[in-house]
Amino acid sequence: GAVVSQHPSRVICKSGTSVKIECRSLDFQATTMFWYRQFPKQSLMLMATSNEGSKATYEQGVEKDKFLINHASLTLSTLTVTSAHPEDSSFYICSAQDADRASNEAFFGQGTRLTVV
Amino acid sequence: DQQVKQNSPSLSVQEGRISILNCDYTNSMFDYFLWYKKYPAEGPTFLISISSIKDKNEDGRFTVFLNKSAKHLSLHIVPSQPGDSAVYFCAASMNLNTNAGKSTFGDGTTLTVKP
């Protein structure tokens, strides 16, 4: 099956610093990638939809200046958490859709555990 | 307003028996449904899906049933195996031309299969 690699898998940063998370589709082209956030014992909450070559579409309540998304190529999307605070600590997961597949199936990265101290 | 609901946060079954995980949705615009399996500290893995034009889809031990009138779907695993122990997420999407992979997830059900 298609592979999506997310890096880093775990990061600890100081409050006020910025953290960049990468999401790569390894063996397919992804015109669209999705960024989710998961709080403990809760569901995956869609944060934004990342479209290659255009601005990301953010869900209601998600600060676009706080969570910067760049989708510069068909295989890479990045999420930058700017000026991170402890309340940003969470599990962030990306998913990518294979542009050549006629299905809604999304392939997920392994997730990034962010801890802001 | 949660559009996809998994009302059972956990389920425990004996190895070899059937596991039935349930999911309800409220948005009648959803026309494609997916089940994902997730292990701790990992991203979800696609398991099986069903289009709204069908009422059943089967893949090995996994079968998904869709009842559109009741806005309800279920995942059946038979026979259940200890390796099936994980969190199962139900997801729903609208088969639009763009962003078709955008899904709304339920809260998940933790399945434990006891040897």
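Above this text is the structure in question.
What comes next is a walk through the structure. All of these numbers come straight from a predicted model, not from anything done at the bench.

This part takes up the overall build of chain B. Of the regular secondary structure elements, chain B holds zero helices and 11 strands. Counted from the first residue to the last, chain B has its helices and strands arranged as β-β-β-β-β-β-β-β-β-β-β. Its C-alpha atoms give chain B a radius of gyration of 14 Å, near enough to 13 Å, the size a compact globule of 115 residues would have. C-alpha atoms of chain B, sized along the principal axes, occupy 45 × 30 × 25 Å. Burial statistics for chain B: of 115 residues in total, 43% are counted as buried. Long-range pairs, those at least 24 residues apart, make up 55% of the contacts in chain B with a sequence separation of at least 6. For chain B, the computed accessible surface area is about 5700 Å², with 48% contributed by carbon and sulfur atoms. The positive charge centre, built from 11 side chains, and the negative charge centre, built from 10, are 2 Å apart in chain B.

Let's shift gears to the overall build of chain A. Along its length, chain A carries zero helices and 11 strands. When the helices and strands of chain A are read in sequence order from the N terminus, they spell out β-β-β-β-β-β-β-β-β-β-β. Against the compact-globule benchmark of 13 Å for 117 residues, chain A has a radius of gyration of 13 Å, which places it among compact chains. For chain A, the spread of C-alpha atoms along the three principal axes comes to 40 × 25 × 20 Å.

Judged by pairing direction, the sheet is antiparallel, and its five strands sit side by side in the order β1-β3-β8-β7-β6 (chain B) without closing on themselves. Unpaired on one side and paired on the other, β1 (4-5) and β6 (56-59) of chain B mark the two borders of the sheet.

On the chain A side, the residues contacting the 21 residues of chain B number 22 residues. The interface formed by chain B and chain A includes zero salt bridges. In this structure, the connection of chain B to chain A is made through three residue pairs in polar contact (both at pLDDT 80 or more). Among the elements that line the side of chain B that touches chain A, the one with the most residues is strand β4 (residues 32-38) of chain B, at four residues. In the side of chain B that touches chain A, the residues fall into 10 nonpolar, seven polar and four charged.

Residue and element names in this part refer to chain B. Mapping Asp84 onto the fold places it in the loop between β8 (72-77) and β9 (86-93). At a separation of 2.8 Å, a polar atom in the side chain of Asp84 contacts the side chain of Arg61. At a separation of 2.8 Å, a polar atom in the side chain of Asp84 contacts the main-chain amide nitrogen of Gln81. Each residue touching Asp84, except ones within four places of it in the same chain, is listed here: Lys37, Arg61, Phe62, Ile77, Pro79, Leu111 and Val113.

Moving on, we get to the side chain of Ser95 of chain A. All names here are of chain A. Tracing the chain through its elements places Ser95 in strand β9 (residues 90-97). The exposure class of Ser95 is buried, given its relative accessible area of 0%. Leave out the neighbours within four places in its chain, and Ser95 touches Thr32, Met33, Phe34, Tyr36, Ala106, Phe107 and Phe108.

A few words now on a nonpolar patch on the surface. Together, Ile18, Ile20 and Val78 of chain B make up a nonpolar patch on the protein surface, roughly 220 Å² of accessible area in all. Here Ile18 of chain B shows up in the loop between β2 (10-14) and β3 (19-25).

Calculation criteria
- Residues numbered from 1 in each chain as written.
- Chains lettered and ligands numbered in written order.
- Predicted model: local features only at pLDDT ≥ 70, side-chain atom pairs only at ≥ 80, totals over all residues.
- Heavy atoms only, no water.
- Helix = DSSP H or I, 4+ residues; strand = E, 2+ residues; numbered from the N terminus.
- Rg over C-alpha atoms; globule rule 2.2 N^0.38 Å.
- Buried < 20%, exposed > 50% of the residue type's maximum accessible area, 1.4 Å probe, protein only.
- Contact = heavy atoms within 4.5 Å.
- Areas by Shrake-Rupley, 256 points an atom, 1.4 Å probe, with all protein chains shown as cover.
- Lys, Arg positive; Asp, Glu negative; His and termini not counted.
- Charge placed at Lys NZ, Arg CZ, Asp CG, Glu CD.
- Pairing = 2+ DSSP bridges.
- Salt bridge = Lys/Arg side-chain N within 4 Å of Asp/Glu carboxyl O.
- Polar contact = N/O pair within 3.5 Å; in protein donor to acceptor, adjacent residues only side chain to side chain.
- Nonpolar A, V, L, I, M, F, W, Y, C, P; charged D, E, K, R; others polar.
- Patch = residues over 30% accessible without salt bridge, like charges linked within 9 Å, V, L, I, M, F, W, Y side chains within 5 Å.

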